[in-house]
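Each chain, letter by letter, is given below.
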Amino acid sequence: MRIDEARDRARELDGADPLADRRGLFDIPEGTLYFDGNSLGPLTHRSRETLTRALEHEWRVRLIRSWNEDWLAMPARIGDAIAPLIGAAPGTVIVCDNTSINLQKALSAAVTLRPGRRTIVVDVDNFPTDIYIAASVAERHGLELVAVPADEMVSRIGPDTAVVTATHVDYRSARILDAATITAAAHAAGALMVWDLAHTAGAVPIDLAGLDADFAVGCGYKYLNGGPGAPAFIYAAPRHLDVASHPLQGWWGHAEPFAFEVDYRPAPGIARFLTGTANVLSMKALEGALEAFAGLSMDAVRAKSTALTGLFVDLAEEHLVPRGFRLASPREAALRGSHVALGHPGGRALVDTLATRDVIADFRPPDLLRFGFSALYNRFSDVVALVDLLAESP
Ligand SMILES: *Cc1c(COP(=O)(O)O)cnc(C)c1O
């Protein structure tokens with residue numbers, strides 16, 4: 001398809017897009033083409049409103065009364081708003097801390113539930129923080145870390161495995177791992193499964209309850225658009241809620257925080273994964289942003305996401321591969337998350353040049369340009385404009 005034909009096709013697709021109205025919920029600067037929702041989702045009008053109200057009314061006027069009036073309930077309430085996006089039941093997800101801390105808690109809880117076993121199996125291509133955290137948990141529990149490529153994980157799971165952990169959508173290639181097969185292999189060996197949903201939540205459907213996953217964690221600031229430093233979430237399967245323990249036992253995870261008891265007693269349920277005081281303002285922004293998903297099924301989000309990335313992949317193969325770019329994401333839509341990576345030896349400089357023209361993507365070593373496509377605000381015409389710009393570059 002020539003670029004001018006693609007432009008016409010994109011106009012048709014945008015005209016018929018059932019999610020087209022969602023873009024108006026976002027405050028994306030005029031003239032900016034944004035392809036980095038996989039790193040930082042853009043500002044929603046609702047986030048600005050919820051934050052402003054939190055400042056001007058809840059903090060300024062209501063002052064400390066706001067804890068009881070609203071703030072104490074936020075971690076569980078926002079957890080319940082995220083739950084349907086990841087196939088989790090109410091009361092099994094809570095919002096707190098960051099992804100790294102939540103992974104530390106989830107992995108610690110998981111290995112403690114599997115005493116006597118000797119290894120943690122991790123995807124060696126996982127985001128580095130996940131590997132650092134898994135290494136730290138392994139070291140503290142006297143376990144061996146088995147870090148292997150995703151395709152070797154299943155064959156390395158055995159009777160000695162305590163926990164298996166991986167990220168559902170690879171942060172570089174956007175490859176989707178086979179969550180059902182890996183989770184089933186962990187369980188067949190008597191091990192527990194901890195999923196990282198950093199590039200899944202808000203972009204790719206997953207059914208945590210159906211998968212029977214043990215624990216999961218994920219980010220608030222990527223496809224959930226919660227803002228810079230938005231709190232993360234943690235999920236625990238119902239069977240673990242009242243038995244799991246982790247080392248960061250703080251007063252917010254206590255059964256009765258305001259009894260100020262000397263001895264720690266974990267809260268019943270998912271609240272035991274809280275540590276200390278909630279980041280209220282960050283949570284306000286996240287809670288406002290989540291309204292953009294109201295009434296949307298993740299299947300509808302996924303359908304548009306694969307259409308966006310599919311159009312980009314088709315046009316890239318035709319117009320960019322002959323100019324020295326290489327497709328570094330799966331060609332098959334079913335295996336591809338919501339971003340597309342292209343390899344190019346001048347990748348870093350290209351991303352910088354695009355940014356000077358208000359076209360925002362990001363770069364990951366060694367040579368990958370990453371383009372995130374969000375079903376909530378990216379248009380098909382944005383995809384064509386991006387390919388057009390890349391095709392002009394040296
Ligand atoms: C983005 C990302 C993180 C970020 O972790 P933070 O602790 O929130 O900074 C962790 N893991 C994966 C797989 C990610 O993609």
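In this text the structure is predicted, and so the values were computed from the model without any measurement.

Counted by the stated rule, this structure contains 0 disulfides. In this model Cys219 remains outside any disulfide bridge; the closest cysteine sulfur is found in Cys96, 13 Å from its own.

Counting residues in hydrophobic clusters, the biggest one holds 83 residues, and the most contacted among them are Ile86, Trp195, Phe215, Leu224, Phe233, Phe273 and Leu376. With 6 residues, helix α5 (residues 99–112) is the single largest residue contributor to this core. Counting residues domain by domain, this core receives three or more from each of domain 1 (3–17 + 297–392) and domain 2 (74–293). Among the nonpolar cores identified, the runner-up in size contains 32 residues, and Leu350, Leu354, Phe371 and Phe380 belong to it.

A few words now on the site of the ligand. Around the ligand lies a shell of 13 residues, among which Ser100, Asp130, His199, Tyr221 and Lys222 are the nearest. Between the ligand and the protein, one listed contact pairs an oxygen atom with a side-chain N or O atom of Ser100 at 2.6 Å. The contact in question runs from an oxygen atom of the ligand to an N or O atom on the side chain of His199, over 2.9 Å. Within the complex, the protein chains bury 87% of what would otherwise be the 390 Å² of accessible surface of the ligand. Looking at the shell around the ligand, the elements with two or more residues in it are α5 and α6 (128–140). Looking at the shell around the ligand residue by residue, the class counts come to 4 nonpolar, 6 polar and 3 charged.

How big an interface is tends to be expressed through the accessible area that disappears when the partners come together. Domain boundaries assigned for the chain yield domain 1 (3–17 + 297–392) and domain 2 (74–293). The C-alpha centroid of domain 2 is placed 30 Å from the C-alpha centroid of domain 1. Every contact between the two is made by 23 residues of domain 1 and, on the other side, 18 residues of domain 2. Summing both sides of the interface, domain 1 and domain 2 together bury roughly 1,500 Å²; the carbon and sulfur share of this comes to 64%. Of all residues in domain 1, the largest losses of buried area upon contact with domain 2 belong to Met298, His339 and Leu376, amounting jointly to 36% of the total for that side.

Our next topic: the side chain of Ser173. Structurally, Ser173 is set in the loop between β5 (161–167) and α8 (179–188). The exposure class assigned to Ser173 is buried, which follows from its relative accessible area of 18%. At a separation of 3.1 Å, a polar atom in the side chain of Ser173 contacts the main-chain amide nitrogen of Arg175. The residues touching Ser173, leaving out its near neighbours within four places in the chain, are Ala328, Ser329, Pro330 and His339.

Burial of strand β13 (residues 368–372) is extensive: 5 of the 5 residues sit out of reach of the surface. Side chains Leu368, Arg370 and Gly372 project from β13 onto one buried face, and the interleaved Leu369 and Phe371 project onto a second face that is buried too. Direction of pairing for strand β10 (residues 339–343) relative to β13: antiparallel, over a ladder of 5 bridges. Note on β13: the bridge partner recorded for Ala341 is Arg370. Adjacent in sequence and paired antiparallel, strand β12 (residues 362–364) and β13 are bridged by 3 residues.

The next point concerns the packing of aromatic side chains. Enumeration according to the criterion identifies 12 aromatic pairs in this entry. An aromatic cluster is present here, built from Trp67, Trp71, Trp251, Trp252, Phe258 and Phe260 joined pairwise through their rings. A cation sits over an aromatic face here: Lys222 above Phe127, 5.6 Å from the ring centre.

What counts and what doesn't
- Residues numbered from 1 in each chain as written.
- Predicted model: local features only at pLDDT ≥ 70, side-chain atom pairs only at ≥ 80, totals over all residues.
- Heavy atoms only, no water.
- Disulfide = S-S within 2.5 Å.
- Core = buried A, V, L, I, M, F, W, Y, C linked by side-chain atoms within 4.5 Å.
- Buried < 20%, exposed > 50% of the residue type's maximum accessible area, 1.4 Å probe, protein only.
- Helix = DSSP H or I, 4+ residues; strand = E, 2+ residues; numbered from the N terminus.
- Domains from an automatic or database assignment.
- Near = heavy atom within 4 Å.
- Polar contact = N/O pair within 3.5 Å; in protein donor to acceptor, adjacent residues only side chain to side chain.
- Areas by Shrake-Rupley, 256 points an atom, 1.4 Å probe, with all protein chains shown as cover.
- Nonpolar A, V, L, I, M, F, W, Y, C, P; charged D, E, K, R; others polar.
- Contact = heavy atoms within 4.5 Å.
- Buried area = accessible area lost by both parts, 1.4 Å probe.
- Pairing = 2+ DSSP bridges.
- Phe/Tyr/Trp six-rings, centres within 6.5 Å; stacked < 30°, edge-to-face > 60°.
- Lys NZ or Arg CZ within 6 Å of the ring centre and 35° of its normal.

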